[in-house]
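# A structural walkthrough
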Amino acid sequence: RTMAASLGNDRVLNGYNSEEIYRYTYTSEDLVLQSSPWKKTMTFSHSKFDEELCRRWDAAMDAGMFRYRLDSVQTRILPGHWRFVAQLNVKRAQERRAPQSIIGMNHPFDPNRFNFTKIKPGEILFELCPHRDPSPDNGTTTHNGPTTDEGTASKRVKKSPHVVIINVSPLEYGNVLMVPFLQDCLPQVLTEEALLLSIEMTLLS
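The structure displayed is predicted, hence computed values, not measured ones.

Glancing now at the overall build of the protein chain. Per the secondary structure count, the protein chain includes four helices and eleven strands. Expressed as a percentage of its 205 residues, the buried residues of the protein chain come to 37%. The long-range fraction of contacts in the protein chain, counting pairs at least 24 apart against all pairs at least 6 apart in sequence, stands at 62%. Entry remark: accessible area of the protein chain is about 13300 Å², with carbon and sulfur atoms responsible for 53%.

Below is the structure:
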């Protein structure tokens, strides 16, 4: 996987030059299609994606990007066959941003209210870049970084980035949000591409 920093000088987020946002590039070969069954005594190792995400999540916490820390969250495993996990997260109830009133499934985008183009740069962990997509810059992104492809660069259409950001009012350690097509300012409606990205992101873990 390649973490690269060059996104192009014409892409700006909330007055912030997005060339400083890291890109996490992956292919279908990186997806974990089979996993071991859950066992009480089993230990799990993090994937490369997990390690990158947690490292950047920890850095955002250390930088004070969250509304609160998770030091005092009370956790209990409930008795029973399924062993559900119950948590008491008082600070999320007290300190999270008040949710907007949603009037329907296709709630229109409102640039005057909170939306993800208004988040702070430090809330962005990285851009999620499937290798099936054209590179956001003028090169072809591979596992070895961007390479020049002048023959097809002029035919590419620059796409709005898919970004992984922190949940500033986290439910749990590593809680993040995946925002597809960030700069297109779309309603929060599930699309085929967003669903595909969500499945792939899950399979990277």
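Taken together, the side chains of Leu78, Trp82 and Phe84 define a hydrophobic patch exposed on the protein surface, amounting to about 390 Å² of accessible area. With respect to the secondary-structure elements, Leu78 resides in the loop between strand E5 (74-77) and strand E6 (85-88).

All told, the structure shown has six aromatic pairs when counted by the stated rule. A ring pair is formed by Tyr24 and Phe126, whose centres lie 5.6 Å apart and whose planes are at 35°; its orientation type is tilted. Of this pair, Tyr24 sits in strand E4 (residues 23-26) while Phe126 sits in strand E7 (residues 124-130); the two residues are 102 residues apart in sequence, bridging distant segments of the chain. Relative to Phe116, the ring of Phe114 lies with its centre 5.8 Å away and its plane at 80°, an arrangement referred to as edge-to-face. Take Phe114: its relative accessible area is 34%, and that puts it in the partly exposed class. The cationic tip of Arg56 hangs over the ring face of Tyr22; the distance from NZ or CZ to the ring centre is 4.0 Å.

The periodicity of an α-helix, 3.6 residues per turn, causes residues three or four positions apart to be oriented the same way. A rise of 1.5 Å per residue sets the reference length of helix H4 (residues 192-204), with its 13 residues, at 18 Å; its end C-alpha atoms lie 18 Å apart and thus fit the reference within 8%. Those residues of H4 not exposed but buried are Glu193, Ala194, Leu197, Glu200, Met201 and Leu204. End-on, the buried residues of H4 take up no more than an arc of 130°, which puts them together on one face. Counted as exposed and oriented over 90 degrees from the buried face of H4: Glu192 and Thr202. Residues of H4 that are buried sit in contact with E4, helix H1 (48-62), E7, strand E10 (163-166) and strand E11 (176-179).

Attention shifts here to the nonpolar core. Residues Leu128 and Val164 are the most contacted members of the largest nonpolar core, which totals 24 residues. Of all the secondary structure elements, the ones that give two or more residues to this core are E4, H1, E7, E10, E11 and H4. Looking at this core, the element that brings in the most residues is H1, giving five residues. Once residues within four sequence positions are removed from consideration, Val164 is found in contact with Leu53, Glu123, Ile124, Leu125, Phe126, Leu128, Val176, Leu177, Met178 and Met201.

With that settled, consider the pairing of E7. Of all the seven residues making up E7, seven are buried; the element is thus mostly covered by neighbouring parts of the structure. Bridge count between E4 and E7: four bridges; the pairing is parallel. The partner of Thr25 across the bridge, within E7, is Cys129. Taken together, the three bridges between E7 and E10 define a ladder with antiparallel strand orientation. Counted as the bridge partner of Glu127 is Val163 from E10.

What follows deals with the confidence of the model for the protein chain. A residue-level look at the protein chain finds 76% of positions with pLDDT of 70 or above and a mean pLDDT of 78. Taken as a whole, residues 1-12 scores under 50 in pLDDT and shows 52 contacts with residues more than four places along the chain or in a different chain. Across residues 137-158, confidence stays below pLDDT 50; counting only partners more than four residues off in sequence or on other chains, it has 36 contacts.

Here we take up the pattern of salt bridges. By the definition in use, this model includes three salt bridges. A salt bridge links Arg55 to Glu52; the shortest N-O distance between them is 2.7 Å. With Arg55 and Glu52 both in helix H1, this residue pair falls three residues apart, about one helical turn. Exposure remark for Glu52: the relative accessible area of 14% places this residue in the buried category. Between Arg56 and Glu52 there is a salt bridge, with its nearest N and O atoms 2.9 Å apart. One end of the pair, Arg56, and the other, Glu52, are both in helix H1, four residues apart, so they sit about a helical turn from each other. What emerges from the salt-bridge pattern is a single network uniting Glu52, Arg55 and Arg56.

The rules behind the values
Residues numbered from 1 in each chain as written. Predicted model: local features only at pLDDT ≥ 70, side-chain atom pairs only at ≥ 80, totals over all residues. Heavy atoms only, no water. Helix = DSSP H or I, 4+ residues; strand = E, 2+ residues; numbered from the N terminus. Buried < 20%, exposed > 50% of the residue type's maximum accessible area, 1.4 Å probe, protein only. Contact = heavy atoms within 4.5 Å. Areas by Shrake-Rupley, 256 points an atom, 1.4 Å probe, with all protein chains shown as cover. Patch = residues over 30% accessible without salt bridge, like charges linked within 9 Å, V, L, I, M, F, W, Y side chains within 5 Å. Salt bridge = Lys/Arg side-chain N within 4 Å of Asp/Glu carboxyl O. Phe/Tyr/Trp six-rings, centres within 6.5 Å; stacked < 30°, edge-to-face > 60°. Lys NZ or Arg CZ within 6 Å of the ring centre and 35° of its normal. Expected span 1.5 Å × (residues − 1). Arc of directions from axis to C-beta. Core = buried A, V, L, I, M, F, W, Y, C linked by side-chain atoms within 4.5 Å. Pairing = 2+ DSSP bridges. pLDDT = per-residue confidence, 0-100.

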